[in-house]
Structures are given as structure tokens and as C-alpha cells.
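A closer look at the structure
Letter by letter, the chains look like this.
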Amino acid sequence: CAFHSFLVMGWCALSVMTSELFPTSIRGTGMGVCAGVGRVAGILVQYVNGAFIDRPLVLLLTAASCMMAGAFAPIAMKMPDMTDKHLSEIPGKAIGEGDGQATHKIV
């Protein structure tokens with residue numbers, strides 16, 4: 001029961017931190033894309049696991065490589081630091097800015 005509590009708290013914290021990466025105007029789209037990519041990855045990982053189940057070292061190295069890639073992705077992609085910034089602020093220029101219908105381009 002305690003393990004499940006911490007597991008749920010961890011996923012909730014991850015969802016909050018992920019949503020804070022996106023400006024308010026595209027937060028729903030950004031979270032939807034992240035959720036979709038996560039679901040597709042969850043499906044694909046079953047095939048990888050099945051292919052490498054007889055070779056545990058290759059499976060371990062594949063899993064470790066994927067985790068390291070995910071850990072260093074924000075650094076490699078130069079994610080902006082949003083500390084002490086209003087959530088509607090975004091680096092870069094919005095499409096249609098000034099006409100009251102601004103949408104942000106996901107790069």
C-alpha cells in the first residue's frame with residue numbers, strides 16, 4: 001500500500017512538472033502529445049523486451065541507454081528555464097501575435 005502511494009505521488013509530480021514546460025496557451029496540446037508518445041513507447045517496449053528476453057545484458061543496456069537518453073534530453077534540447085516566469089511567457093514569437101488569436105509553434 002505504501003509503495004502504491006509513492007508510485008501515484010511520483011506520477012502526479014511528473015505530470016505537474018511536464019505541464020509546467022509548456023506555456024498556458026498550448027499546455028493541453030503539449031500534454032496530449034507527451035501522453036500519446038508515452039503510450040506508443042509503452043507498446044513498442046514490449047516488442048523490444050520480447051526480442052531481448054533471452055539476452056539479459058543486451059536488455060539491460062538497452063533500458064539503461066533509453067533512460068540516459070531521457071535524462072539528458074532536456075539538456076541536449078536546451079530546454080528553457082521557466083523559474084520565476086509567468087506561465088504565459090514563452091521564449092520565441094507566437095504565430096499571429098498581435099491579433100488576439102496567437103498560437104504557439106511547437107519546435
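Residues numbered from 1 in each chain as written. Predicted model: local features only at pLDDT ≥ 70, side-chain atom pairs only at ≥ 80, totals over all residues. Heavy atoms only, no water.

**A word on the overall build of the chain**
- In terms of regular secondary structure, the chain is built from three helices and zero strands.
- Going from the N terminus to the C terminus, the chain shows its helices and strands as α-α-α.
- When burial is assessed residue by residue, the chain has 9% of its 107 residues classed as buried.
- Sequence-distant contacts, at least 24 apart, represent 34% of the contacts inside the chain between residues at least 6 apart. (Helix = DSSP H or I, 4+ residues; strand = E, 2+ residues; numbered from the N terminus. Buried < 20%, exposed > 50% of the residue type's maximum accessible area, 1.4 Å probe, protein only. Contact = heavy atoms within 4.5 Å.)

**What to know about the packing of helix H2 (residues 27-52) against helix H3 (residues 56-76)**
- Two elements in contact, H2 and H3, have axes separated by 8 Å at closest approach and are oriented at 150°. With respect to H3, the axis of H2 lies roughly antiparallel. Contact residues: Val48, Asn49 and Phe52 in H2; Pro56, Val58, Leu59 and Thr62 in H3.
- Partitioning the contact of H2 with H3 into residue classes produces five nonpolar, two polar and no charged. (Axes fitted to C-alpha atoms, helices over the stretch in contact; angles between N-to-C directions. Parallel < 35°, antiparallel > 145°, perpendicular 65-115°, else oblique. Nonpolar A, V, L, I, M, F, W, Y, C, P; charged D, E, K, R; others polar.)

**Section: H3**
- With 21 residues, H3 extends 29 Å from end C-alpha to end C-alpha; this agrees with the ideal 30 Å at 1.5 Å per step.
- The largest bend in H3 is about 30°, located at Gly70, with the proline Pro74 one to four residues further on.
- Phi for Lys78, located one or two positions after H3, is positive at around 55°. (Expected span 1.5 Å × (residues − 1). Bend = angle between axes of the 7 residues up to and from the residue.)

**Considerations on the side chain of Thr18**
- Residue position: Thr18 is located in helix H1 (residues 2-19).
- Not counting chain neighbours up to four residues away, the residues in contact with Thr18 comprise Met31 and Cys34.

**Points about the confidence of the model for the chain**
- The predicted model of the chain averages 79 in pLDDT, with 74% of residues at 70 or higher.
- No element of the chain has a lower mean pLDDT than H1, which averages 87, and none a higher one than H2, which averages 90. (pLDDT = per-residue confidence, 0-100.)

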